[in-house]
Amino acid sequence: MLSDLRADLRRHGVEGVLAASKAVLFNLSFQVVLSYRLHSYLASRRVLRFSLLQIVLSRWQVASGNCQISPKAEIAGGLLLPHPLGVVVGSGCRLGPYVTLYQGVTLGADARAHYPRLGRGVTVYANACVVGDIDLGEGSVVGACSFLKCNLPPGAFAAGVPARILTSS
């Protein structure tokens, strides 16, 4: 967890103890990521005495950032939420390192309860929905207001409703 937090801090441009303290106190984007990390850590320990703290962390995410990141989602270090409002990450999602999610992004399940997997350096722009048993390759991008339900190869750019691949490397 600590290595992931260090990567998250670096991704937010934070170096040093003083800057980290400021990020914890004043940076909503980092606060949401930190609350996910703590909630996920406590949930993985399955200790009953932490359940109240888990509820508080979950409610805080919704109240302060109006977002919901499941503690069961697997998120590697370096997560960046430039504008964390309205972000939803479902319980079965797996996000690689250095993923960027803008406001209003939904990563959710399809009707069969399968979740997306995002590779290293994937960017999902504002109000996009990514659903189902799909893989987004390394460095791929999902455009704003898109609905994606198909795999993306590495370096691809997809947009539209339904999203289609516009460029691929």
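Everything that follows concerns the structure shown earlier in this document.
Asks: Explain the overall build of the protein chain here, please?
Replies: Per the secondary structure count, the protein chain includes four helices and 14 strands. Here the C-alpha radius of gyration of the protein chain, 16 Å, is about what a compact globule of 169 residues would show, namely 15 Å. Viewed in the frame of its principal axes, the protein chain has a C-alpha envelope of about 45 × 35 × 25 Å. Taken across its 169 residues, the protein chain has 44% of its residues classed as buried. A fraction of 23% describes how many contacts in the protein chain between residues 6 or more apart in sequence connect residues 24 or more apart. Element-wise, carbon and sulfur atoms account for 58% of the exposed surface of the protein chain, whose accessible area totals about 8,600 Å². Charged side chains of the protein chain number 16 positive and 8 negative; the gap between the two group centres comes to 6 Å.

Asks: Hey, could you run me through the pattern of salt bridges in this one?
Replies: Pairing between side chains becomes possible if they bear opposite charge and their charged atoms approach one another. Following the criterion strictly, the structure yields five salt bridges and no others. A salt bridge links arginine 37 to aspartate 8; its shortest N-O distance comes to 2.7 Å. Taken together, the residues span a long stretch of sequence, with arginine 37 in helix α3 (residues 28–45) and aspartate 8 in helix α1 (residues 2–11) at a distance of 29 residues. The class of arginine 37 is buried, set by a relative accessible area of 4%. The salt bridge partner of arginine 117 is aspartate 135, with a shortest N-O separation of 2.6 Å. Residue arginine 117 is found in strand β7 (residues 117–118), and its partner aspartate 135 is found in strand β10 (residues 135–136); the two are separated by 18 residues along the sequence. It is possible to trace a salt-bridge network through shared partners that takes in Asp4, Asp8 and Arg37.

Asks: Before we go on, may I ask you to explain the packing of helix α2 (residues 17–26) against α3 in this structure?
Replies: In helix packing, the relevant descriptors are the interaxial angle and the interaxial distance, both defined with respect to the helix axes. For the pair α2 and α3, the least separation of the axes is 6 Å and the interaxial angle reads 85°. With respect to each other, α2 and α3 are oriented roughly perpendicular. Facing Ala23, Val24, Leu25 and Phe26 of α2, the residues of α3 in contact are Leu28, Phe30, Gln31 and Leu34. Counted by class, the contact of α2 with α3 contains seven nonpolar, one polar and no charged residues.

Asks: For this particular structure, what's the right way to read the packing of aromatic side chains?
Replies: For the coordinates displayed, the defined rule picks out one aromatic pair. Ring plane angle 20° and centroid distance 4.9 Å describe the contact between tyrosine 102 and tyrosine 125, whose orientation is recorded as stacked. Here tyrosine 125 lies in the loop between β8 (123–124) and β9 (129–131) and tyrosine 102 lies in the loop between β5 (100–101) and β6 (106–108), a separation of 23 residues in the sequence. The class of tyrosine 102 is partly exposed, set by a relative accessible area of 22%.

Asks: What should I look at first to understand the sheet that holds strand β12 (residues 147–148) in this one?
Replies: Sheet strands pair by backbone hydrogen bonding; their relative direction is either parallel or antiparallel. With respect to topology, five strands assemble into an open sheet ordered β1-β3-β6-β9-β12, the strand pairing being parallel. Both edges of this open sheet fall to β1 (68–69) and β12, since each of them pairs with a single strand only. Both β9 and β12 contribute to a ladder of two bridges, which runs parallel. By the bridge assignment for β12, cysteine 129 is matched with phenylalanine 147.

Asks: How should I be thinking about α1 in this particular structure?
Replies: An α-helix turns once per 3.6 residues; consequently, residues spaced three or four apart project the same way. Leu5, Ala7, Asp8 and Leu9 are the residues of α1 that are buried. At its buried positions, α1 is contacted by α2 and α3. One or two positions beyond α1, positive phi appears at glycine 13, with a value near 75°.

Asks: Teacher, can you tell me more about unusual backbone geometry here?
Replies: Residues other than glycine predominantly adopt negative phi, and peptide bonds predominantly adopt the trans conformation. Cis geometry is adopted by the peptide bond preceding proline 162, which originates at valine 161 and carries an omega value of -10°. Assignment of secondary structure puts proline 162 in the loop between β13 (157–160) and β14 (163–167). The backbone of tyrosine 98 shows a phi angle near 60°, a positive value even though the residue is not glycine. Tracing the chain through its elements places tyrosine 98 in the loop between β4 (94–95) and β5. Positive phi, normally seen in glycine, also occurs at alanine 113, with a value near 60°.

Conventions used here
- Residues numbered from 1 in each chain as written.
- Predicted model: local features only at pLDDT ≥ 70, side-chain atom pairs only at ≥ 80, totals over all residues.
- Heavy atoms only, no water.
- Helix = DSSP H or I, 4+ residues; strand = E, 2+ residues; numbered from the N terminus.
- Rg over C-alpha atoms; globule rule 2.2 N^0.38 Å.
- Buried < 20%, exposed > 50% of the residue type's maximum accessible area, 1.4 Å probe, protein only.
- Contact = heavy atoms within 4.5 Å.
- Areas by Shrake-Rupley, 256 points an atom, 1.4 Å probe, with all protein chains shown as cover.
- Lys, Arg positive; Asp, Glu negative; His and termini not counted.
- Charge placed at Lys NZ, Arg CZ, Asp CG, Glu CD.
- Salt bridge = Lys/Arg side-chain N within 4 Å of Asp/Glu carboxyl O.
- Axes fitted to C-alpha atoms, helices over the stretch in contact; angles between N-to-C directions.
- Parallel < 35°, antiparallel > 145°, perpendicular 65-115°, else oblique.
- Nonpolar A, V, L, I, M, F, W, Y, C, P; charged D, E, K, R; others polar.
- Phe/Tyr/Trp six-rings, centres within 6.5 Å; stacked < 30°, edge-to-face > 60°.
- Pairing = 2+ DSSP bridges.

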